[in-house]
Amino acid sequence: MPTPPTTSLKKKPFYSSLWVQVVFAMLIAVIFGHFSPTRAIAMKPLGDAFIRLITMIITLLIFCTVVTGIAGMNDLKKVGRVGGKALLYFEIVSTMALAIGLIVGNVVRPGSGFNVNPASLDAKSVADYAGQAKAQTVTEFLMHIVPTTVTDAFAKGDILQVVFISILFGFALSAAGSRAEYLFELLESLTQVVFRIVNILMRFAPIGAFGAMAFTIGKYGLASLGPLAKLIATFYVTSILFVLIVLGAIAWAAGFNILKFLLYIKEEILLVLATSSSETAIPTLMEKLETLGCTRSLVGLVVPTGYTFNTDGSGLYMTLAALFVAQATHTHLSFMQQLMIFSVATLTSKGASGVQGASFIALVATLSVIPTIPVAGMALILGIDRFMSMFRGLVNMIGNGVATLVIARWENELDKESLQTKLT
């Protein structure tokens, strides 16, 4: 009697994995940028085009996920409770990041020994950033949340304003009940289509990663890291320890291992490192969090909000970089002045997570409140900001992933079996 044929799933070749393709593209880009910098700089449009492809869909994705997330909960009290817990968590952890950056800056003192004369610095190089920078008051920050028009928020791609509109729309859709059921189903279908678009766009991630990394190495070169190696090393080590120790402890308390979670989101980690933008990882991060067992409604509410309010990487960078500039220019800062920088940074760091250069502008705005610190000192770190933004965006992205799992566990909206199965 013949043995019946056995069916087995054919294992995909390793090179078909997105993370392998991105790693290969980054390695080629580093070599290309080092040996042919002029041609490598010309690759910049590849990286910019990929980032624009992702950002063009971000506002629509956030609108759909936040609206369906709120309406799908069918309980406005629950929405308020989840949102309140999320904001509380965001504020505690991001404030902790600001404090850690301040402490590390005072202990390690990465700017000591530079002996820079502020008059010798090229103030023109940061003039454009200074023109965009403005330290906001609490009132101005709250007023900024409200867009001039609905379409204006989407046209500008302002995530904070899009989240605000989405929350209002979600509450209204939920209150309408069965009368708006067809609209809810339409948005659910639209969300599926948007994610399919994202899956198509992600096929171009290796090309985008190559273009962005080749430009960075070609323009600034590995040699440019030398004079500021202490600052870069301090920030990188601080970021890594923050993820492993602080976020690791939070993850342990929530019932999962931070190292296994990092391995699970390796594609997103590589993408953020290559593009220096945490926005490029939003769509696939949301999909993976759902796969881990978080409910779609909770992911749709927490992740977009976290990208505005939970800026751990930006917090670490801003206080550490502010002290670096002061130390490098021999500007003594009293305890009260450092406390003022810390207080202002709690506002200016919000919304500085996504786009390349946003944290740099926010830092200029923060330093402007202490007249004794020469803003021209920012010229010292302008050339390495691209390298700093890699880890800024990375910590922001990882922090929001951890936050979503924690709040899902807090709300009993997490399938523990799926979590354990995926993180093994």
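In what follows, the accompanying structure is described. Please read these numbers as outputs of a predicted model, since none were measured by experiment.

Scanning the protein chain from terminus to terminus reveals 21 helices and zero strands. Considering the protein chain as a whole, with its 424 residues, one finds that 54% of them fall into the buried category. Considering only residue pairs separated by 6 or more positions, the protein chain has 85% of its internal contacts joining residues 24 or more positions apart. Taken as a whole, the protein chain presents about 19,200 Å² of accessible surface, with 66% of it coming from carbon and sulfur.

Per the stated rule, a full pass over the model turns up seven aromatic pairs. A ring pair is formed by Phe256 and Phe261, whose centres lie 5.9 Å apart and whose planes are at 65°; its orientation type is edge-to-face. On the basis of relative accessible area, Phe261 is assigned to the buried category, the value being 0%. Aromatic ring contacts, followed pair by pair, group Phe63, Phe154 and Phe169 into a single cluster. Lying across the ring of Phe215, Lys44 places its NZ or CZ 5.3 Å from the centre.

One non-glycine residue with positive phi stands out, namely Arg109, at about 50°. Examined against the element boundaries, Arg109 turns out to sit in the loop between helix H4 (76-108) and helix H5 (127-132). Here Arg109 falls in the partly exposed class, since its relative accessible area comes to 39%. At His330, a position not held by glycine, the phi torsion is positive, near 55°.

Take the pattern of salt bridges next. A full pass over the atoms with the stated rule returns seven salt bridges. The residue Glu411 makes a salt bridge to Arg81 at a minimum N-O spacing of 2.9 Å. Taken together, the residues Glu411 in the loop between helix H20 (385-410) and helix H21 (416-422) and Arg81 in helix H4 connect sequence positions 330 residues apart. For Glu411, a relative accessible area of 8% corresponds to the buried category. A salt bridge links Arg296 to Glu290, with the nearest nitrogen and oxygen atoms 3.1 Å apart. Taken together, the salt bridges that share partners define one network made up of Arg81, Lys85 and Glu411.

Bringing the layout of surface pockets into the picture now. Considering only enclosed or pocket space, the second largest pocket measures out at about 540 Å³ in volume. In terms of lining residues, the second largest pocket is bounded by 15 residues, among which Leu18, Asn199, Met202, Glu267 and Thr284 are the most central. With four residues, the top contributor of residues to the lining of the second largest pocket is helix H14 (residues 282-291). Looking at the lining of the second largest pocket residue by residue, the classes come out as three nonpolar, six polar and six charged.

Viewed as axis vectors pointing N to C, helix H16 (residues 312-328) and H20 meet at an angle of 140°, and their least axial separation amounts to 6 Å. Between H16 and H20, the crossing angle belongs to the class labelled oblique. Of the residues in H20, those in contact with Asp312, Gly313, Ser314, Leu316 and Tyr317 of H16 are Asp385, Met388, Arg392, Val395, Asn396 and Gly399.

Turning next to the environment of Lys422. Structurally, Lys422 can be placed in helix H21. For the pair Lys422 and Lys288, spaced 134 residues apart in the sequence, the C-alpha separation amounts to 9.8 Å. Sequence-distant contacts of Lys422, that is, excluding residues within four places in its chain, are made with Tyr264, Thr291 and Leu292.

Among the nonpolar cores identified, the biggest contains 122 residues, and Phe261, Ile381 and Met397 are the most heavily contacted of them. For this core, the element with the highest residue contribution is H20, accounting for 14 residues. Every residue in contact with Met397, bar those within four places of it in the chain, is listed here: Ile265, Glu268, Ile269, Val272, Ser278, Ala281, Leu285 and Tyr307. Listed in part, the six residues of the second largest apolar core include Phe63, Ala71, Ala180 and Leu187.

How each quantity is defined
- Residues numbered from 1 in each chain as written.
- Predicted model: local features only at pLDDT ≥ 70, side-chain atom pairs only at ≥ 80, totals over all residues.
- Heavy atoms only, no water.
- Helix = DSSP H or I, 4+ residues; strand = E, 2+ residues; numbered from the N terminus.
- Buried < 20%, exposed > 50% of the residue type's maximum accessible area, 1.4 Å probe, protein only.
- Contact = heavy atoms within 4.5 Å.
- Areas by Shrake-Rupley, 256 points an atom, 1.4 Å probe, with all protein chains shown as cover.
- Phe/Tyr/Trp six-rings, centres within 6.5 Å; stacked < 30°, edge-to-face > 60°.
- Lys NZ or Arg CZ within 6 Å of the ring centre and 35° of its normal.
- Salt bridge = Lys/Arg side-chain N within 4 Å of Asp/Glu carboxyl O.
- 1 Å grid on protein atoms, 1.4 Å probe; cavity = no way out; pocket = protein on both sides within 12 Å on 5 of 7 lines; lining within 4 Å.
- Points joined across faces, edges and corners; volume = space filled by probe spheres on them.
- Nonpolar A, V, L, I, M, F, W, Y, C, P; charged D, E, K, R; others polar.
- Axes fitted to C-alpha atoms, helices over the stretch in contact; angles between N-to-C directions.
- Parallel < 35°, antiparallel > 145°, perpendicular 65-115°, else oblique.
- Core = buried A, V, L, I, M, F, W, Y, C linked by side-chain atoms within 4.5 Å.

Fair warning: the whole summary comes from geometry, so function is off the table for now.
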